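# Inside the fold
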Amino acid sequence: MITRQRLAAGVCALLAALTAGIAFPAGAVADETAAQAAPKVELVLDVSGSMRANDIDGGSRMAAAKQAFNEVLDATPEEVQLGIRTLGANYRGNDRKTGCKDTAQLYPVGTLDRTEAKAAVATLTPTGWTPIGPALLKAAADLDGGDGTRRIVLISDGEDTCQPLDPCEVAREIAAKGVGLTIDTLGLVPDAKTRDQLSCIADATGGTYTSVQHKEELTDRVGQLVDRAADPVATPVAVEGAAACAEAPALKSGLYTDREEFAQHRWYRVDVEPGKELRASVSVAADRTVNPDYGVLLRAVTVHGREIVRGEAAGNGRTDVISTGLRYPKAESDDEDAPAETVCLQVSNSFSAASGVKTTPGMPLELTVDVVDGPDQASDVASFGLGRGWWLLGALVVIGFLAGVLWGWISRLRIAVWRTN
């Protein structure tokens with residue numbers, strides 16, 4: 001009995017060792033990521049006269065905003081550079097021209113001194129106008145420079161009072177510059193017009209809109225947005241596509257952003273060396289009202305105009321973003337000095353603007369380009385078509401053979417012991 005138990009334990013140990021060898025053929029090595037620039041956030045607070053309203057948990061909107069700011073300042077991650085800008089905080093008069101210039105930086109964007117920032121917030125009193133558009137332009141300038149994440153968090157309880165400078169158009173202009181800046185908006189007890197305007201501002205830059213009715217909601221949401229800025233992200237590089245491949249910008253592996261007008265063609269160039277594979281994808285966002293039934297086309301074309309491969313996608317108005325992609329493997333060459341092939345990427349769309357909607361600036365376009373090592377053709381067709389899976393099949397055959405031999409030996413031993421007894 002002891003002999004049989006030892007043999008069975010040995011078989012189990014052998015099978016476990018072989019299985020472990022298959023399951024973990026090699027140790028994984030983590031990639032080291034380069035340190036990113038410090039993320040920047042600017043909180044833009046509406047301090048207009050309407051913030052005196054007492055309709056948030058029995059207190060004023062201004063009191064709820066101050067409490068939220070104090071709690072968020074305490075919880076702001078150390079790596080985040082944070083600033084505060086106000087709108088409508090200083091001018092009490094009725095002159096429209098002066099009131100629409102009433103935006104000031106309460107606390108500069110930089111390393112946070114929590115005590116100083118809280119003291120600045122405590123001095124705020126609801127005062128004047130609601131110049132959202134001018135405040136967004138100034139906030140974008142406050143965050144200018146650097147490669148890290150940049151985010152504006154706008155808290156307001158009403159519409160902009162400085163038309164015709166439409167804050168939604170201001171947000172589109174900011175996005176059109178390709179600066180990688182996101183605007184998130186929060187509406188304090190908003191009416192329908194305020195909700196529509198704040199939603200439009202957020203949508204134009206890929207941000208979010210949140211309607212707030214309670215103090216806890218405001219604190220939680222602002223804190224989430226500040227924390228989100230600390231998350232590592234890939235910052236797209238602004239690029240301007242051309243009307244023809246010959247004039248197109250040359251791109252390397254990376255993430256790029258551009259603007260494309262309705263039914264426009266944009267061209268870019270990528271060099272692909274022999275043995276490499278080009279992987280490209282594009283996303284176009286409908287940041288305004290468009291007619292249903294549209295599509296996006298991404299083509300890889302030679303410099304002589306011959307199409308190599310294409311990717312296409314169609315939509316029917318149920319989504320604001322439409323994406324497609326393609327892959328092109330460049331075959332190996334026997335000539336070690338073989339030159340790279342220039343591949344022209346063409347991005348086209350069939351969007352059409354709804355009645356009364358402006359067609360400029362163009363819609364946001366995000367292009368991802370990746371040139372990687374091509375597939376190993378030799379190993380893919382070797383070993384009777386099994387490719388790299390041949391070693392797994394071989395290991396299973398060996399395991400089965402050894403298990404059969406050992407089991408046969410154990411069975412034979414058991415029969416011998418039975419006959420002896």
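Values in this document were obtained by computation on a predicted structure and should not be read as measured data.

Attention shifts here to the pairing of strand β9 (residues 254–260). Regular strands show a simple pattern: their side chains alternate between the two faces of the sheet. In terms of residue burial, β9 counts as a mostly covered element, since six of its seven residues are buried. The pairing of strand β7 (residues 237–238) with β9 spans two bridges and is parallel. By the bridge assignment for β9, V237 is matched with Y256.

Right, let's get into the packing of aromatic side chains. For the structure on display, the rule yields one aromatic pair. Consider the rings of Y294 and F351, whose centres lie 4.4 Å apart with planes at 20°: the pair is stacked. Of this pair, Y294 sits in strand β12 (residues 294–302) while F351 sits in the loop between β15 (341–349) and β16 (363–373), and the two are 57 residues apart along the sequence. Comparing Y294 with F351 shows no difference in burial state: the two are buried.

Inspection of every chain in the model, using the stated rule, returns 16 salt bridges. Note that R61 is salt-bridged to D55, the shortest N-O span being 2.6 Å. For R61, a relative accessible area of 10% puts it in the buried group. The class of D55 is partly exposed, set by a relative accessible area of 31%. Here D142 and R85 are joined by a salt bridge, their closest N and O atoms 2.8 Å apart. Within this pair, whereas D142 is found in helix α5 (residues 132–142), its partner R85 is found in strand β2 (residues 81–87), the two being separated by 57 residues in sequence. For D142, a relative accessible area of 22% puts it in the partly exposed group. Residue classification places R85 among the buried residues on the basis of a relative accessible area of 5%. Each member of the salt-bridge network shares a partner with another, and the members are R299, E307, R310 and E312.

Quick look at unusual backbone geometry now. You will see that A263, though not glycine, has its phi angle at about 60°, which is positive. Relative to the helices and strands, A263 resides in the loop between β9 and β10 (265–272). In the Ramachandran plot, D293 falls in the positive-phi region, its phi being about 65° despite a non-glycine side chain. Tracing the sequence through the fold places D293 in the loop between β11 (276–285) and β12. For D293, a relative accessible area of 61% translates into the label exposed.

With 32 residues, the main nonpolar core has L43, L45, I155, L186, L218, V222 and V226 as its most contacted residues. When residues of this core are traced back to their parent elements, those giving at least two are β1 (40–46), α2 (61–75), β2, α4 (114–122), β4 (150–156), β5 (181–188) and α8 (215–229). Sorting elements by how many residues they give to this core places α2 first, with seven residues. One finds Y294, Y328, V347 and L365 within the second-largest nonpolar core, a separate group that totals 28 residues.

Moving on to the packing of α2 against α8. Where α2 contacts α8, the axes come no closer than 9 Å and their chain directions differ by 35°. Between α2 and α8 the crossing geometry is right-handed. Contacts between α2 and α8 involve A64, A65, Q67, A68, E71, V72 and A75 from the first element and K215, L218, T219, V222, G223, V226 and D227 from the second. Of the residues that constitute the contact of α2 with α8, the class distribution is eight nonpolar, three polar and three charged.

As a note on interpretation, predicted positions should not be read in detail where pLDDT is low. Of all residues in the chain, 85% attain a pLDDT of 70 or more, and the chain-wide mean is 83. In the predicted structure, residues 1–34 sits below a pLDDT of 50 and forms 16 contacts with residues beyond four places in sequence or in another chain. Contacts of residues 378–385 to residues separated by more than four positions or lying in other chains number eight contacts, the stretch itself having pLDDT below 50.

Moving on to the state of the cysteines. Here the structure, examined in full by the defined rule, presents three disulfides. Disulfide pairing is shown between C100 and C162; the S-S distance is 2.0 Å. Between C100 and C162, the disulfide has an S-S torsion of -100° and is therefore left-handed. In this pair, C100 sits in the loop between α3 (96–99) and β3 (103–110) while C162 sits in the loop between β4 and α6 (167–176), placing the two residues 62 residues apart along the sequence. For the pair shown, C100 and C162 are each scored as buried. Put simply, C245 and C344 are joined by a disulfide, and their sulfur atoms are 1.9 Å apart. Its S-S torsion of approximately -70° makes the covalent link between C245 and C344 left-handed. Of this pair, C245 sits in the loop between β7 and β8 (250–251) while C344 is found in strand β15, placing the two residues 99 residues apart along the sequence.

Conventions adopted
Residues numbered from 1 in each chain as written. Predicted model: local features only at pLDDT ≥ 70, side-chain atom pairs only at ≥ 80, totals over all residues. Heavy atoms only, no water. Buried < 20%, exposed > 50% of the residue type's maximum accessible area, 1.4 Å probe, protein only. Helix = DSSP H or I, 4+ residues; strand = E, 2+ residues; numbered from the N terminus. Pairing = 2+ DSSP bridges. Phe/Tyr/Trp six-rings, centres within 6.5 Å; stacked < 30°, edge-to-face > 60°. Salt bridge = Lys/Arg side-chain N within 4 Å of Asp/Glu carboxyl O. Core = buried A, V, L, I, M, F, W, Y, C linked by side-chain atoms within 4.5 Å. Axes fitted to C-alpha atoms, helices over the stretch in contact; angles between N-to-C directions. Left-handed = near helix turned anticlockwise from the far one by under 90°. Contact = heavy atoms within 4.5 Å. Nonpolar A, V, L, I, M, F, W, Y, C, P; charged D, E, K, R; others polar. pLDDT = per-residue confidence, 0-100. Disulfide = S-S within 2.5 Å.

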